[in-house]
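Topology and contacts: notes
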Amino acid sequence: MLACSAASAAGVAFRTTAVSEGPVRALAHAGRFAPAEAVVTADPRAKPGNERRVIIVRARAEAVERTRVRVPVLLIAGDPRWLRLVPSQRVRLRGRFVPPTGPGLLAAVVIVRGPPTVLGPPSAIQRTAEHVRARLRAAVARLPPDQRGVLPGMIVGDTSRLPPDLADDFRTAGLTHLLVVSGANLAIVIGAVLGLCRLAGLGHRRAPPVAVLAVFAFVVVARPEPSVLRATVMGLIGLLALFTGRRRQGVPALAAAVLLLVLIDPELARSYGFALSVLATAGLLVLAPPWRDRLARRLPGPLADALAVAAAAQVAVAPVLVMLSGEIGVLAVVANLLAAPAVAPATLLGALAAVTAPAFLPLARVIAWPAGLAVAWIIRVARTTAALPYATIPWTTGGLGAVTFLLAGGAAVLLLRSRRLRLCAAAAMTGVLAAVVAMRVLAPSWPPPGWQMVACDVGQGDALALSAGPGQAVVVDTGPEPALVDGCLRRLHIEDVPLLVLTHPHADHINGTSGVLNGRNVHSILTTSRTSGREARLTDGLPVRPAQAGQQWRIGELTLSILAPQTTGPALSPKDDGTTINNASVVFVARKPGFSALLAGDIEADAQRALESAVPRVQVLKVPHHGSRSQAPGFLAAAHAPVALISVGARNDYGHPSEATLRLLQGLHTQIHRTDIEGDVAIVHTRTGVTAVPRH
């Protein structure tokens, strides 16, 4: 064991040296453009960027500038043809190499120009797996949207059709592991399969082989990528030890597997996903058996198994989840217990549909229908749990959060061991519960009465609503995803949009436009007069008008006064950089009795300085460009706004909002409200001015 540990440590050191030195890292330090050949190692992922979708591809560099190498790199591309690639394909590319900033073992990040040049087909296994995935998507295409988004994720980890709001509900409910191929996911699947075996009368000897077959079927369908194989190893170790009764052999087997896997792939030593898989398996080995034995005294065997597995896995991974997310899933164990009976039917029927689809698609669609019903139950559990108050509670992030969580857990164990302390804790919790209930009863509903403006929580993007009457709102920008802005407007009960303002043609401001159009009457659309016309593909043929400085729009009591852009600037081109497009944003002041706000799009420091003399005093400032560092102090000060709103996504890749901008706003004695922390933020008129009311 010591020899394996030493070898593993040596492997990590060797891999670290390989990625931190050599020709690829030298190119990154120099920031040079260079040709390269690489092998794709994971499915390409797309996410919204400033101007277009950003495509992220994990790969292994094989050659740079005629020099053979073998180091991991991260490719960032914009051409949609990168999304067609399949793991194991070899491609030729040209891009700018830059040093990596994240914790992973990467030699470089490569900003790729143009499409890939494909040098060969994927391997036979990957080609087969991709065919199965595509046919599975076809088999579930007739299911309701939520079901056809979740079922492929459960079977093969394909979440390309998963609505963003549903993904958020799964995260809040502690069910995200069902959407990825992970050790925790396999543990719950194994628990569900064994529970069904028990109900069928199979004993401890015959049930584990059935679960092993289910795991191997899962792996075949899910595509044998390294992450899937790692999860399988963790799941099989937990299965072997938990259901053979040989707990003492299970922990050494887990330790040996960890060392072996880290030796094979040293990057796992810095992988949170791998840590979660190991912890979930350890929970099954150490915590689940005694918990199952105790529960079996009072509960039926299958229920005791399911509850022990769900609770043990959740408790074991909780410190790492708290460290990463800064939240404690209070209802996660309950949600997992409720979802567990549907996981095995959904997974097994889904896998059967995936296997059947390549040969006979009509039969696969029939099989997918009952699988969809099982998935519908899981979705209902996720939606209901996420909608409950205090489904998660905030906690400190990072190492401090993990340590304080462990200390709190230790204190809870001590409380449970003492009858007197249990009574004191029960009395205190009763008081807290009564206070929480009273707060919920007395707290205003959403949206708060008399709201004037709402900054919608749409992640890393902008979407705002200005009240224009009952059921009416002027919508300013639409965020990166249709479902997010649609959900916000539904919560506000908006059915009519007299005017939709798209401040500038960046994806994080316009890609959610179809969500605003979903079931609502949109009368007119206002865009920057310098637009290149990119918004037209999203506006469904509605009348589009250019905004010009000096214009005024009146909708009931609401008046919009346009401050920018000036019409003297050149029309935007797709080749313009992000700053040029940001500075072409529509900037305007919104006023109605008792309320005023300055909405400044994404204009940066130069454009802000040009507008300083035109900025009036307002009550609310929508901070430009998500609070980025590029701010003109004079522009922010000229507004004299007592309230500042920052629309920004949690843990975004851009470092928004900048600490310098936050200090600047604090120096102006402005109350700062952020959507990444508070969710939707409403501005409400009061007798003394305006106040901000967060939804969370």
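Residues numbered from 1 in each chain as written. Predicted model: local features only at pLDDT ≥ 70, side-chain atom pairs only at ≥ 80, totals over all residues. Heavy atoms only, no water.

1. Considerations on the overall build of the chain
Spelled out, the test is: By definition, any uninterrupted DSSP run of H or I lasting at least four residues is a helix, any uninterrupted run of E lasting at least two residues is a strand, and each is numbered from the N terminus. For the accessible areas, the method is Shrake-Rupley and the probe is 1.4 Å, while residue cover comes only from the protein chains on display.
Helix and strand counts for the chain stand at 24 helices and 26 strands. A total accessible area of about 31700 Å² is found for the chain, and carbon and sulfur atoms account for 61% of it.

2. Examining a positive patch on the surface
We count it as follows: Each patch is built from salt-bridge-free residues with over 30% relative accessible area, joining like charges within 9 Å and nonpolar side chains (Val, Leu, Ile, Met, Phe, Trp, Tyr) within 5 Å. The term salt bridge refers to a side-chain nitrogen of Lys or Arg lying within 4 Å of a carboxyl oxygen of Asp or Glu. Lys and Arg are tallied as positive, Asp and Glu as negative. Neither His nor the chain termini are counted. Charge coordinates come from a single atom per side chain, which is NZ of Lys, CZ of Arg, CG of Asp or CD of Glu.
Side chains of Arg294, Arg297, Arg298 and Arg417 sit close together on the surface and give a patch of like positive charge. Locating arginine 298 in the fold gives a position in the loop between α11 (288-296) and α12 (301-325).

3. Re the state of the cysteines
Rules: Note on disulfides: each one is a pair of cysteine sulfur atoms within 2.5 Å. Here's how the labels work: a residue is buried when its accessible area is under 20% of the maximum for its type, exposed when over 50%, partly exposed in between, all with a 1.4 Å probe on protein chains only.
Counted according to the given criterion, the structure contains one disulfide. Put simply, cysteine 456 and cysteine 488 are joined by a disulfide, and their sulfur atoms are 2.0 Å apart. An S-S torsion of about -70° defines the bridge between cysteine 456 and cysteine 488 as left-handed. Of this pair, cysteine 456 sits in the loop between β10 (451-455) and β11 (464-469) while cysteine 488 sits in helix α17 (residues 482-491); the two residues are 32 residues apart in sequence, bridging distant segments of the chain. Of the two residues, cysteine 456 and cysteine 488, both sit in the buried class.

4. Brief notes about the packing of helix α4 (residues 145-156) against helix α14 (residues 361-387)
For the record, the criterion: Between the N-to-C directions of two axes lies an angle of 0 to 180 degrees, each axis being a line fitted to C-alpha atoms and, for a helix, fitted only over the stretch in contact. Just so you know how the angles are binned, under 35 degrees is roughly parallel, over 145 roughly antiparallel, 65 to 115 roughly perpendicular, and the rest oblique. Two residues qualify as a contact provided that any one of their heavy atoms is within 4.5 Å of a heavy atom in the partner residue. As a working rule, the residues Ala, Val, Leu, Ile, Met, Phe, Trp, Tyr, Cys and Pro are called nonpolar, Asp, Glu, Lys and Arg charged, and the rest polar, with Gly in that last group.
It is the contact of α4 with α14, at a shortest axis distance of 9 Å, that shows an interaxial angle of 100°. As far as their axial angle goes, α14 and α4 are roughly perpendicular. Within the contact between the two elements, α4 uses Asp146, Gln147, Val150, Leu151 and Met154 and α14 uses Ala368, Ala371, Gly372, Leu373, Val375, Ala376, Ile378, Ile379 and Arg383. Here the residues of the contact of α4 with α14 sort into 10 nonpolar, two polar and two charged.

5. Description of the sheet that holds strand β19 (residues 558-564)
Operational definition: When DSSP finds two or more bridges between two strands, those strands count as paired.
The seven strands lie next to each other as β18-β19-β20-β21-β22-β23-β24, forming an open sheet whose pairing is mixed. The open sheet has two edge strands, β18 (552-555) and β24 (671-674), and neither has a second partner. When strand polarity is set aside, the average angle formed by the axes of neighbouring strands in this sheet is 20°. Each of β23 (643-646) and β24 touches helix α23 (residues 659-667); the most contacted strand, β24, lies at about 140° to it.

6. What about the pattern of salt bridges?
Should the charged atoms of two oppositely charged side chains come close, the side chains can pair. The tally for this structure, following the rule as stated, stands at 15 salt bridges. Where arginine 70 meets glutamate 62, a salt bridge forms, and the shortest distance between an N and an O atom there is 3.6 Å. Residue arginine 70 is classed as exposed on the basis of its relative accessible area of 59%. A single salt-bridge network, built from bridges that share partners, covers Glu37, Arg90 and Arg92.

7. Side note on a nonpolar patch on the surface
Where nonpolar side chains cluster on the molecular surface, the patch consists of Val334, Leu338 and Trp377 and spans about 290 Å² of accessible area. Relative to the assigned elements, tryptophan 377 resides in helix α14. Exposure remark for tryptophan 377: the relative accessible area of 44% places this residue in the partly exposed category.

8. Overview of unusual backbone geometry
For the bond from alanine 564 to proline 565, the omega torsion is 15°, close enough to zero to count as cis. In this structure, proline 565 sits in the loop between β19 and α20 (578-582). Put simply, histidine 656 and proline 657 share a cis peptide bond, and its omega is -10°. Its place among the elements puts proline 657 in the loop between β23 and α23. You will see that serine 88, though not glycine, has its phi angle at about 90°, which is positive. By the secondary structure assignment, serine 88 is in the loop between β4 (67-77) and β5 (90-98). Classification of serine 88 as partly exposed rests on a relative accessible area of 25%. The phi dihedral of histidine 669 is positive, around 60°, even though this residue is not glycine.

9. Regarding the side chain of histidine 506
Our working definition: In protein, a polar contact requires one atom able to donate a hydrogen and another able to accept it; more generally it is a pair of N or O atoms within 3.5 Å, and residues adjacent in sequence count only if both atoms are side-chain atoms.
For histidine 506, the position within the fold is in the loop between β14 (500-502) and α18 (507-510). Side-chain polar atoms of histidine 506 contact the side chain of asparagine 582, separated by 3.1 Å.

10. Things to note about the packing of α4 against helix α13 (residues 332-356)
One can describe the packing of α4 onto α13 by two numbers: an axis separation of 9 Å at closest approach and a directional angle of 85°. The angle between the axes of α4 and α13 places the two elements in the roughly perpendicular class. Taking contact as the criterion, the partners of Leu151, Met154 and Ile155 in α4 are, on α13, Val343, Ala346, Thr347, Gly350, Ala351 and Ala354. The residue makeup of the contact of α4 with α13, split by class, is seven nonpolar, two polar and no charged.

11. A look at the environment of glutamine 552
Its place among the elements puts glutamine 552 in strand β18. Residues glutamine 552 and isoleucine 562 lie 10 residues apart in sequence; the distance between their C-alpha atoms is 6.3 Å. Reaching out from glutamine 552, the side chain makes a polar contact with the side chain of serine 561 at a distance of 3.1 Å.

12. Re α4
Three or four residues apart is the spacing at which side chains of an α-helix point the same way, because the helix has 3.6 residues per turn. Just so we agree on the cut-off: Any helix carries an expected span of 1.5 Å times its number of residues minus one.
In this model, α4 (12 residues) spans 17 Å end to end at C-alpha, consistent with the 16 Å of a helix rising 1.5 Å per residue. Counting buried positions over the 12 residues of α4 gives nine, a clear majority of the element. Buried within α4 we find Gln147, Gly149, Val150, Leu151, Pro152, Gly153, Met154, Ile155 and Val156. With its phi angle positive at about 75°, glycine 157 sits one or two positions after the end of α4.

13. Notes on α14
Put simply, the test is: Axes are fitted to the seven residues ending at a residue and to the seven starting at it; the angle between these axes is taken as the bend at that residue.
In this model, α14 (27 residues) spans 36 Å end to end at C-alpha, consistent with the 39 Å of a helix rising 1.5 Å per residue. The largest bend in α14 amounts to roughly 25° and is located at tryptophan 369, with the proline proline 370 lying one to four residues further along.

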